[in-house]
Each structure stands twice: as C-alpha cells, then as structure tokens.
Amino acid sequence: MAVIHELSSHLADLIAAGEVVERPASVAKELVENAIDAGATRITVEIENGGVTYLRIADDGCGIAPEDAPVAFRRHATSKLRTEEDLAAIGTLGFRGEALAAIASVSRIDLLTKQRGVLAGTHLHLEAGQITEQEEAGCPEGTTIVIRDLFFNTPARMKFLKKDFTEAGYVMGVVQHAALSHPEIAFTLIRDGKQVFATAGNGNLMTPVFGVFGRELTEVMLEIEPFERGGVRVWGYITKPHSPRPNRSMQHFFVNNRYIKSKVMQAALEEAYRNKIITGKYPCCALFLSLPLHMVDVNVHPAKTEVKFAQEKQIFEAVYIACKNTLEMDDNIPEIREKPAPTAKEDNLTENQQRMTAAPPVPAPEPAVRQPVPAALPARPAAAYRQPYIDADDFDDGVPAAAIRQAMPAIERGESALHHLTHIPPQAAAPEAEDVPEAPAPVPAAPIANPADGGGAAVASADEPFAPAARVLGEAFHTYIIAEDADGLLLIDKHAAHERMIFNRLRQTEQLPVQQLLAPVVAELHAAQAGAVQEHIEEVRAAGFDIEPFGADSFAVRAAPSYLDSADIPGTLAEIAEKLLTSRAPVTDRLDDLIHMVACKAAIKAGSHSSMAELQSVCDRVLGDPEVTCCPHGRPVTVRLTRYELDKLFKRVNQ
Ligand code: ADP
Ligand code: MG
C-alpha cells in the first residue's frame, strides 16, 4: 500500500504558518510589510490582549482588486515576483506569497480593501483559511485587515505565547523597526484603546529615532558621517561611547530599509568602539545600509530577518569606517546634567514600559555643531599587531604604510589622498628618539610631565606662546584634576588619562619603545603562568619584553616597555600570563590587552601625589588630543560640568 501522499493545502499552510507565524508580532510584521509594499503613507496598528484576540492593520496603500482579494490568501500567491530572475533582485519586503495564507490558516480574518480611484471595495471573511463571506463593501481607499483569535485552531501554539504585555512589547518592536526604516510613513500603534507610539511620517529620521530611543539616549546620539563606496551607503545614528548599555537590545540594523539581524554589521559597529567603550557594554544604533539588490540575498530566513551579503568584507569596512569617522569627530566628554526627578509613576515602570507609554515625539533637536576633522588624524593601529581592515594597497607607492593607514579615514571620506599623505611626515609612525632613554639604566615610572608619554599635541614649542586650553585649579582625592575653561569645569581622572596617553603612544608606534635593562630582571611565575608565557612567547616579545626562559618557571627579562618601572616587571608579566591563560581572544586583540596592562602599570596611580605642573601637563595633553577621551577600558577620562549647569544648580538661571 502506498504510504507517501501529498499534504492537503490546509495542512501545508499550517506547516508554513509554523515557520512564519510564531506570535502576534510576526503577524504584525508581515502585515505592516505588506502595507509598506502597497505604498502606504499612513499605517495604523491596533492590538488588544497583546494582539492575540485582536490585531488590526489599516493602510492607505494601493488596495486589492475584488478579483485578486481571494487569490491573495492562496499559498504562493504574490504580485511581487514573476520570474526566477526577479528572485535575485528583490526590492519589496515580501516576495514569497506565503504570509496571508499562513496567517489565515490559524485565525479568523476580515479583509476590507479598495483600490485608489475605484467606487466599490471588497469585504472577505475567512475562518481557518476558508473564505466564508465575500461581498462588495463601501470602504476607504487602502486595506484594513483584522485578525481575531490567533491560533484558535492550534491550541498547542497558544501555549508558547507569553503574557499579553510581553506580546504587546514584541508588536511595539515591529512597529518601531518599521517606523525607523520608513520615516516617510506615519505609524501609529494603539494598545487596548490607547495610543502608545506614533511618528509624524515627515521624512525626518530623527522623529522615529526620538520615539524609539527616548530623550536621554537621543541626546547622546551622533549622526553617522555619511559614507558611500562601491554602491554601499551607510547612514543613521550611533550613541557616544560614554553612554553604553548593558546589552545589545538597542542596536537596530537595516539593509535596504529592511530590519535585520546582522553579525557582520554588529561586529563592525563594535570594532569602531574598540578601546572607547567599557568592556561588556554595548553601543546603541539605528544603522542603515543600502546596497545594490544583487549584492544581498534576502531569501535565506523564513521570517526574512537575516540576509546574506555577497561581499561581507566590503560591508564590514563600510560600517566600520562610517562609525569610526563619526566617533573620531566627537569629543566624547560626558556632561553632568541635573536629572529631572522621575515621577513616582515613571519610577515603577520598566524601560520598555516607559517607551510604551512615551509621549509622541517632539520636533527634532537641532543637530550639534560639528568640529572640523582634526588636522593630525589619529593613527590607526600599528601593523605589528593589527591588520588594517582598510585595504591600503592601492596607495602604496613609496609612502610608508603607517602613514597611509593614518591618512585612510580622510581618504575614505573622499578627501584628497595626496593632501593627507604629503601632510604626514614619512616617519610619523616610527618610534621617536625620546622614546629610547639615553641612559641604559631603567627609568622609574614615567613622570607625567615627560613629553614622551603622551600624544603631546598641546605641548607648546619653545618659540610659540602657549595658552592652556584649561586652567588647573587643583585636584580632589589625589585622583581627579579640577580645571576650568570658558565653558565650565572639567574633572579629569588623572590615572585614566595618563593610562590612555601611554596606551595610545604604545599602539601607535610601529615598534614599541623598549628600554634595555642594566641587569636582567628575573620573573618567577607559577608553573601554569610560565607555560602560558612559553607558549605565547612571541606575543610577549611583541609587547616589548625581551625574555628568555631562565630555570624551571622563571624568565630573564633583558628589556621591557619603556614606560614600565623595573620593579613592576615581574608583576606585569604574571598578569600577562594570567591573561594569556584565560583569554580566548584572537592574537591581535590579546596584544592590545597586553599593551593595556603595560599602560595601566606604568601610569600614575590614583591617590598618589602630583605637583600642579604635572596636573597642568596632563590637563593640557588630554584637551589637546582628541583620542584621549576615555581610558583603554572605556571609562571616561574627562567629565564636564558646564557653567550653565552650575548656574542651574545654584538657581542663578531659570532652567
Ligand atoms: P507577499 O507579500 O510575499 O507577496 P502575502 O501573502 O503577504 O505575500 O500577500 C499576498 C499578496 O496580497 C501581495 O503580493 C499583494 O499583492 C497583496 N496584498 C497583501 N496585503 C496588501 C495590502 N495591505 N495592500 C495591497 N495589497 C496587499
Ligand atoms: Mg507579504
């Protein structure tokens, strides 16, 4: 007896529904996408009980012809795709012709639709995928679909649903992503009779950004420096590094106006924040990428939330360069603000709840005035330990590779390569003479007034009168430098600042500055530590330690990074060994970590005494070097209390 037979179309729809329709939010997503594809300018989503019992989506799009309406609910019925070639260049959000059939198979549906300029519309009623009513109807132009009792005929699926409030939150996510990707469409979300989210549809991306991220995050957002190369364009908003989040829930990525999850874009974004953000914290973004349709395959995921890029490296570079350039143009100094006390009501709400109840967006704030690109571009990581992502081969005609990398960000922005390369001294990245101490004796921990240990951009030359950017008033707790400038007070963490200066100095040089020791220092390690150092001995050497095994678990150190006090060498090596034992990071990242450790050990300690001259020197260099805005772990170096905020605190001004 034959045991193989074709599934009934109803059963096939139910199976397809399992992939596409997971919860009310997936229904909302498919129907909102249909409305967008229909050219709507207004889309309203209304839900009750998290969308489980009632979900209505109304649009003012092109509508569906009476004869097409029943067809739309058949499996593989679509108006968006005809030939195999169409599949290689999908410009609509939908294309499989599955969604309406799948949703209809697990719910009760009413469809009301009328094409533009046509007299009569159509009403259809469906129960579990079967059309039970079809009639002419008077209705506005566009399409309204009401989904009732989702999963009424598949009780097993109901069990997987979460509380109504959580399901409503997922629907909110869908509407927010749609609003971000289509600022030209006015979106409204109504939950249990109350409007909880709305955008104006005025085309200004800032409006949905404000609605989605809220006031506090929007205030610390930077508009991405527009970037375009090879048909790939990047734009959007990212947050300043000093306001990170504990998770990635506020990272939103879009490709060709489709919300997607992308490991490549996420990695590129986070790489741009490397050494700027506290470890274990994450930036927020609404990051948009557009590229020619043939360079991306959107047909790789049932819910179309993942895509495949033909050229992942190119995508990574575009996102990385755009974000990196944006961050480099910002001073990243957090401002102290008087926080409005939360009302008792707000206090009890979770963040998501607060967003759900957020007021409609206010007009976009004026974009912040941008500083011009600093003339001396911050150096890229040294080739010794990080391969540049930016392919510099095209420009390599006798100009030092490091100089090319240094000029790369500006070149990427379309500025003249020649200009930047001729303005960078050929030896820019080579260690400077002052990095190598003349006397062979080890120097003590670098004194902070030593010009060798920082960027030194603000250090005046002998014949130029030097006006400090800020006047140091003193220090608090032997830890925080207090300075004033025209705009207000600056608080500088002296250890973090000094650590960053040394770190930058170390990783900017092609060869790390090393000091020969008069007599070798012997570092005794535990067996496991010694094993790790032995295994990674080339990395340890690349970090500036000239070491050889010396007896059982000991190493003789003949030379060490210049900034390190010889007394700190054994301890630093032990820490490096521990790091090597536990770290699973790739070699390039590990070397960064080793340099962190050296910088941290060599930097002036919080709590130690410093002279006013030393404090002024740190302050000058912090303010003169845009790269010294946070310590290598991402903690801020400088915090600003503006004159205005001070005046507000003392009630000298009215708000
Ligand atoms: P797909 O979007 O993949 O084409 P769907 O099952 O979601 O498949 O929709 C089937 C068809 O129904 C669409 O191709 C479109 O022609 C029509 N349709 C669905 N929703 C709308 C809408 N809101 N406005 C106009 N046409 C719609
Ligand atoms: Mg669709």
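Residues numbered from 1 in each chain as written. Chains lettered and ligands numbered in written order. Predicted model: local features only at pLDDT ≥ 70, side-chain atom pairs only at ≥ 80, totals over all residues. Heavy atoms only, no water.

### Structural notes on the site of ligand 1
So, step 1. With respect to spatial proximity, 19 residues lie near ligand 1, and among them Asn34, Thr78, Ser79, Lys80 and Gly97 are the closest.
So, step 2. Separating a nitrogen atom of ligand 1 from a side-chain N or O atom of Thr143 is a distance of 3.4 Å.
So, step 3. With the chains in place, 92% of the 530 Å² that ligand 1 exposes on its own is no longer accessible.
So, step 4. Residues belonging to the shell around ligand 1 are distributed by class as follows: eight nonpolar, seven polar and four charged. (Near = heavy atom within 4 Å. Polar contact = N/O pair within 3.5 Å; in protein donor to acceptor, adjacent residues only side chain to side chain. Areas by Shrake-Rupley, 256 points an atom, 1.4 Å probe, with all protein chains shown as cover. Nonpolar A, V, L, I, M, F, W, Y, C, P; charged D, E, K, R; others polar.)

### Concerning the environment of Glu141
So, step 1. The topology assignment puts Glu141 in the loop between strand 5 (130–137) and strand 6 (142–148).
So, step 2. Residues Glu141 and Leu112, 29 residues apart in the sequence, show an inter-C-alpha distance of 9.5 Å.
So, step 3. Beyond its immediate chain neighbours, meaning those up to four positions away, Glu141 contacts Asp59, Asp60, Lys114, Gln115, Arg116 and Gly117.
So, step 4. Here Gly117 takes part through its backbone nitrogen, which lies 2.9 Å from a polar atom of the side chain of Glu141. (Helix = DSSP H or I, 4+ residues; strand = E, 2+ residues; numbered from the N terminus. Contact = heavy atoms within 4.5 Å.)

### Regarding the pairing of strand 11 (residues 232–239)
So, step 1. Judged by how many residues are buried, strand 11 sits mostly within the fold: six of eight residues are covered.
So, step 2. Taken together, the three bridges between strand 9 (residues 221–223) and strand 11 define a ladder with antiparallel strand orientation. What sits directly across from Leu222, in strand 11, is Ile238.
So, step 3. Between strand 10 (residues 227–229) and strand 11, which pair antiparallel one after the other, the connecting turn spans two residues, and Gly230 there sits at a positive phi close to 55°.
So, step 4. Bridging between strand 11 and strand 14 (residues 285–290) involves six bridges; their strand directions are antiparallel. Across the sheet, residue Arg233 finds its bridge partner in strand 14, namely Ser290. (Buried < 20%, exposed > 50% of the residue type's maximum accessible area, 1.4 Å probe, protein only. Pairing = 2+ DSSP bridges.)

### A few points about the side chain of Ser610
So, step 1. Note that Ser610 resides in the loop between helix 19 (587–602) and helix 20 (612–624).
So, step 2. A distance of 2.7 Å separates a polar atom in the side chain of Ser610 from a polar atom in the side chain of Lys494.

### A few points about the confidence of the model for the chain
So, step 1. Taken as a whole, the chain shows an average pLDDT of 78; of its residues, 77% reach a score of 70 or greater.
So, step 2. Per-element confidence in the chain is highest for strand 2 (residues 54–59), whose mean pLDDT is 98, and lowest for helix 14 (residues 417–422), whose mean pLDDT is 32.
So, step 3. Low confidence marks residues 341–465, where pLDDT is under 50. Its contacts with residues over four positions away, or in another chain, come to 189 contacts. (pLDDT = per-residue confidence, 0-100.)

### Focus: the packing of aromatic side chains
So, step 1. All told, the structure shown has four aromatic pairs when counted by the stated rule.
So, step 2. Between Phe254 and Phe288 the ring centres are 4.5 Å apart and the planes differ by 10°, which places this aromatic pair in the stacked class. Taken together, the positions of Phe254 in strand 12 (residues 251–255) and Phe288 in strand 14 put the pair 34 residues apart, joining distant regions of the chain. Judged on exposure class, the residue Phe254 and its partner Phe288 are both buried. (Phe/Tyr/Trp six-rings, centres within 6.5 Å; stacked < 30°, edge-to-face > 60°.)

### Some points on the pattern of salt bridges
So, step 1. Following the criterion strictly, the structure yields 22 salt bridges and no others.
So, step 2. Here Asp110 makes a salt bridge to Arg148, at a shortest N to O gap of 3.0 Å. One end of the pair, Asp110, is in strand 3 (residues 108–114); the other, Arg148, is in strand 6, and 38 residues separate them in sequence.
So, step 3. Measuring nitrogen to oxygen at the nearest pair gives 3.1 Å for the salt bridge that ties Glu317 to Lys313. With Glu317 and Lys313 both in helix 10 (residues 312–328), this residue pair falls four residues apart, about one helical turn.
So, step 4. On the basis of relative accessibility, which here comes to 54%, the residue Lys313 falls in the exposed class.
So, step 5. Each of the salt bridges in this network shares a partner with another, and the network as a whole consists of Glu22, Arg23 and Glu167. (Salt bridge = Lys/Arg side-chain N within 4 Å of Asp/Glu carboxyl O.)

### Overview of the sheet that holds strand 18 (residues 480–485)
Two pairing modes exist for strands in a sheet, parallel and antiparallel, and in both the strands are linked by backbone hydrogen bonds.
So, step 1. Spatial strand order, 17-18-19-23: four strands in an open sheet with antiparallel pairing. With one partner strand each, in any of the chains shown, strand 17 (471–476) and strand 23 (638–642) form the two edges of the open sheet. Across this sheet, the average inter-strand angle for adjacent strands is 25°, counted without regard to direction.
So, step 2. Contacts from helix 15 (residues 494–508) reach strand 17, strand 18 and strand 19 (488–493) within the one sheet, and its direction differs from that of strand 19 by about 70°.
So, step 3. Against the sheet, helix 20 engages strand 17, strand 18, strand 19 and strand 23, with an angle of about 115° to strand 17. (Axes fitted to C-alpha atoms, helices over the stretch in contact; angles between N-to-C directions.)

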